[in-house]
Amino acid sequence: MPPPHKKAKVSGVATRRSRLAQRLTLATATVDAPDAGQDAAISDSASESGGNVLASWHRGGWVADIPLDIWIEVFRHLTPQSLRILARTSKAFRGFLMSRRSEACWKASRKLLTGLPPCPPFLSEPRYADLLFTNLCQLCGHGTSRQTLWDFVSRYCSSCYTKTTVEPRRVDALLNRIQKETECKDVILAAVSARYSDQVGTESRYHKAEWAALKTEWLSLETREEKSNFAKKQAAMVKERREFSAQVVAWLQRRAVRKEEKEVTLTLRRQSQILQRFQAEGWDKEFLKFETDDAFHGCKHWSRGTRKLSDSDWEAIRRQLTEILEDYCARRMGAQLLVKRLRNVLNVITARSADGISAAARRDPATDLQADFACIAQTPVFRKAVIPRGDVHRTTERIDELPSGIQTEAAAEWYQAREAEFRQLVKQRMDVAEGVDPLSLAAASFDCTHCSRTGMRWPNVLSHKCARRQHRWIDRSSEYLVALDKLCEEEGLSFPWTGAFFTVSSSLAATFNLISVAGKDPHSATFEEMESCGARFYCKICTVPAVGYMEVYDWKEALTHSRMRCDMVVETPLAGEQTPSKWMVLDPDHTASVIGLEGALRSKARQSADTFGCVHCQCRGKPLDIVKHCRGAHSVGKPQIDEDYYIHLDAVHKPFGPVHIYPEGARKDRIAKKDVEAGRAFFSSTLFID
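A few points on the structure. The numbers attached to residues start from 1 for each chain and follow its sequence in the written order. Given that this is a predicted model, residues contribute local features only at a pLDDT of at least 70 and side-chain atom pairs are listed and counted only at 80 or more, while totals for whole chains, interfaces and linings are drawn from all residues. Just so you know, side-chain values use all the structure's heavy atoms and leave hydrogens and water out.

1. Topic: the overall build of the chain
Helix and strand assignments come from DSSP, with helices taken as H or I runs of at least 4 residues and strands as E runs of at least 2, each series counted from the N terminus. A tally of helices and strands in the chain yields 25 helices and 13 strands. Expressed as a percentage of its 690 residues, the buried residues of the chain come to 43%. What makes two residues a contact is simply this: any of their non-hydrogen atoms within 4.5 Å. Across the chain, every contact between residues at least 6 apart in sequence was considered, and the portion connecting residues at least 24 apart equals 66%. Where accessible areas are quoted, they stem from the Shrake-Rupley method and a 1.4 Å probe; at the residue level, only the protein chains shown are allowed to cover. Only carbon and sulfur atoms are counted for the fraction: they give 51% of the accessible area of the chain, which is about 38000 Å². Here's how the labels work: a residue is buried when its accessible area is under 20% of the maximum for its type, exposed when over 50%, partly exposed in between, all with a 1.4 Å probe on protein chains only.

Written as structure tokens, this is what we have:
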């Protein structure tokens, strides 16, 4: 029985055979056979050098198991591009295809490309194919260049072009001398003018290698006849290269034109398929016939698609194309007409008692999370109802035809879209345990980059004021959004919502640290679990005899703790090695005393809210401002909290902590006595004992 490693080797050979068979199948699938006149030349090449080629291939290789004649028969059906790729698959193929023995194969391959000029005598077939079908620099092999310098028979990247060429000022003197002594008026050294994106100017330059060879050979000549023959030979070589260059460039241009024509045909076919999909969804046929080119101008899915449109392709691009078409319809309707139409829609929805916006409805904290008119007006289902598909001339008197449940459906769609948006933000910043909702994690909080607000949680983050800022974020190219923004301004409504300012909390590492200290997994611990665990924390860096007391925090308040002496301790990173934490968990007995004091402190902190909302309208503001609003706008004599206004979900409360713990020896301390009397501290007879 052969050893296991022998079996593995046989399996590897079988795998390589399978891969090569797939490549050959793909390469020969759509290529016609060359002219029959090539068969004799190819067979002669195989008979003359087949044994030598097989002997040169690596011994025991699976390629040698197949006769060379069969490989040659395969090679003659491949294009030059395919032969180049095949030469990179193994040393055996490269050894044959890069040798002169394969010249007949390359010639047969070249015949497959109609009109391609024959390979000139100063180029090998593989080099010719490289110049035609690659864009890699032939000096460094890394840089890319879209232009081939056919007069130099080379391709260089920008940096290598500078290294391998010389300026005319270093060459012109000798060239003038040669032409003068030989009386040759023809060009004897080719020059090119290449344009690169990172270079200024297009000065003609000479090939350094050709210049050096010309100079060396010229200086070695002695008689006038030798010099004259040399000049004629150089002029003939330059002329031959220029003629060849003109032929190749013309072929490449024709090839590019054919490729462009094919792409245009495929693009028109795809556009026709897209129009059929739109017609199936109810868009006006005449509108699509005359308006789509203007509507989708510059859209890559419309102007550059060449693949046949499948169901999955349509689902991937449908929403974007639909939004573009709806925006175009909105622009056709005109800004004023669209504002009028949106106002009529608002009036119809407001008037419907079943699922509309009731003017007499009282607002409360829950309404701060609900989608208002500006929010639902951004949803595709609502925009589809407001701007009928392709009917840009539809009158506003037919607004009553709106579905009765349009507001409820649009509001649900808006909320689901925002939930998915914030859930994705969390997933981008942290790994979430399987089966856990990312928004329920204790570490999932959000910051606002516009106002520097931190620590907002879902769904309260929906009520943040920066999400409805007028004009700052809106896409001015969208007539629909501009009209919606204008309507909100005129009617005093909340402005359209945007999530552009929100990011996951910058204190994510510190939050992970606290959750880990509490003995829970930060990737699965939920907000409710951290709230109910009852753990209280103190900073072991700050709790030293020199301080004389201990500050105790709950897990949310601990994130606000910042002292120069303890901030030097690095928090636990999200990835990498664990570093010592500055936090310690307080013992259960003292934790119970701390929790007892926190109840009263929380009640006082609730009264420190900085933002309140009116129960009669969407107005929000500071305490004094909201009281004045209730008196002036709603004729309320003495506005009362929870009756005429309420604490807004976007309100910021003053921290209620920390709770201080003092040692028994501090009972006579003035500050300690004051804190204990205020209900934010107590004395401990056991905590500070060494």
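2. Quick notes on the nonpolar core
Membership of the largest hydrophobic core comes to 62 residues, with the highest contact counts inside it found for Leu 342, Phe 382, Phe 422 and Phe 446. Non-local contacts of Leu 342, meaning those with residues more than four positions away in its chain, are made with Phe 373, Phe 382, Val 386, Tyr 480, Ala 483, Leu 484 and Leu 487. Residues enter a nonpolar core if they are buried and are Ala, Val, Leu, Ile, Met, Phe, Trp, Tyr or Cys, with the set joined through side-chain atoms within 4.5 Å.

3. Here's the deal with the sheet that holds strand E6 (residues 537-539)
Sheet strands pair by backbone hydrogen bonding; their relative direction is either parallel or antiparallel. Following DSSP output, two strands are said to pair if at least two bridges run between them. Strand order across the open sheet formed by five strands is E8-E6-E7-E12-E13, with mixed pairing between neighbours. Unpaired on one side and paired on the other, strand E8 (583-585) and strand E13 (681-684) mark the two borders of the sheet. For this sheet, the mean inter-axis angle between neighbouring strands, taken without regard to orientation, is 35 degrees. Bridging between E6 and strand E7 (residues 550-553) involves two bridges; their strand directions are antiparallel. Of the residues in E7, the one forming a bridge with Phe 537 is Tyr 553. Docked against the sheet, helix H20 (residues 508-517) engages E6 and E8, running at close to 30 degrees with respect to E8. Here, axes are lines fitted to C-alpha atoms. For helices the fit covers the stretch in contact, and angles between N-to-C directions go from 0 to 180 degrees.

4. Regarding a positive patch on the surface
To count toward a patch, a residue needs a relative accessible area over 30% and no salt bridge; like charges are then connected within 9 Å, while nonpolar side chains (Val, Leu, Ile, Met, Phe, Trp, Tyr) are connected within 5 Å. Whenever Lys or Arg places a side-chain nitrogen within 4 Å of a carboxyl oxygen from Asp or Glu, that contact is recorded as a salt bridge. Just so you know, the count uses Lys and Arg for positive and Asp and Glu for negative, and it drops His and the chain ends. For charged residues, the charge sits on one atom: NZ in Lys, CZ in Arg, CG in Asp, CD in Glu. Side chains of Arg 169, Arg 170, Lys 208 and Lys 215 sit close together on the surface and give a patch of like positive charge. Relative to the helices and strands, Lys 208 is located in helix H10 (residues 208-220).

5. Details of the environment of Pro 639
Its location among the elements puts Pro 639 in the loop between helix H24 (623-634) and strand E11 (645-647). Sequence-wise, Pro 639 and Val 627 are twelve residues apart; in three dimensions their C-alpha atoms are separated by 6.1 Å. Setting aside anything within four residues of it in sequence, one finds Pro 639 in contact with Val 627, Cys 630, Arg 631, Asp 644 and Tyr 645.

6. Structural notes on the sheet that holds strand E3 (residues 205-207)
Strand order in the open sheet formed by three strands is E1-E3-E2, with antiparallel pairing between adjacent strands. Whereas interior strands pair on both sides, the edge strands pair on one side only; in this sheet they are strand E1 (165-166) and strand E2 (191-192). When E2 meets E3, the two strands line up antiparallel, connected through two bridges. Its bridge partner lying in E3, Val 192 is registered against Arg 205. Of the strands in this sheet, E1 and E3 are in contact with H10, which crosses E3 at around 70 degrees.

7. As for the packing of H10 against helix H11 (residues 224-280)
Relative to each other, H10 and H11 sit at 160 degrees, their axes nearing to 11 Å. Judged by the inter-axis angle, H10 sits roughly antiparallel to H11. The handedness of the crossing between H10 and H11 comes out as right-handed. Touching Glu 210, Leu 214, Glu 217 and Trp 218 of H10 are Lys 227, Phe 230, Lys 233, Gln 234 and Arg 241, all from H11. Gly falls in the polar group here, along with every residue not listed as nonpolar (Ala, Val, Leu, Ile, Met, Phe, Trp, Tyr, Cys, Pro) or charged (Asp, Glu, Lys, Arg). When grouped by side-chain class, the residues that make up the contact of H10 with H11 number three nonpolar, one polar and five charged. Orientation labels follow simple angle bins: below 35 degrees gives roughly parallel, above 145 gives roughly antiparallel, 65 to 115 gives roughly perpendicular, and whatever is left gives oblique. By definition, turning the near helix anticlockwise from the far helix through less than a right angle yields a left-handed crossing, and turning it clockwise yields a right-handed one.

8. Focus: unusual backbone geometry
Trans is the common state for peptide bonds, and a negative phi is the common state for residues other than glycine. For the bond running from Trp 458 to Pro 459, omega is 5 degrees, close enough to zero to count as cis. Mapped onto the elements of the fold, Pro 459 is located in the loop between strand E4 (446-448) and helix H19 (479-491). Positive phi values are uncommon outside glycine, yet Ser 452 reaches one of about 65 degrees. With respect to the element layout, Ser 452 can be found in the loop between E4 and H19. Judged by its relative accessible area of 61%, Ser 452 is exposed. For Ser 635, which is not glycine, the phi torsion reads 55 degrees and is therefore positive. You can see Ser 635 is positioned in the loop between H24 and E11. On the basis of relative accessible area, Ser 635 is assigned to the exposed category, the value being 67%.

9. Focus: the pattern of salt bridges
By the definition in use, this model includes 25 salt bridges. Of the charged contacts, one joins Glu 491 and Arg 343 as a salt bridge, the two residues approaching to 2.8 Å between their closest N and O atoms. Placement of the pair is Glu 491 in helix H19 and Arg 343 in helix H15 (residues 335-351), with a sequence separation of 148 residues. Using a relative accessible area of 37% as the deciding quantity, one classes Glu 491 as partly exposed.

It is worth stressing that arrangement in space is one thing and function is another; only the former is reported here.
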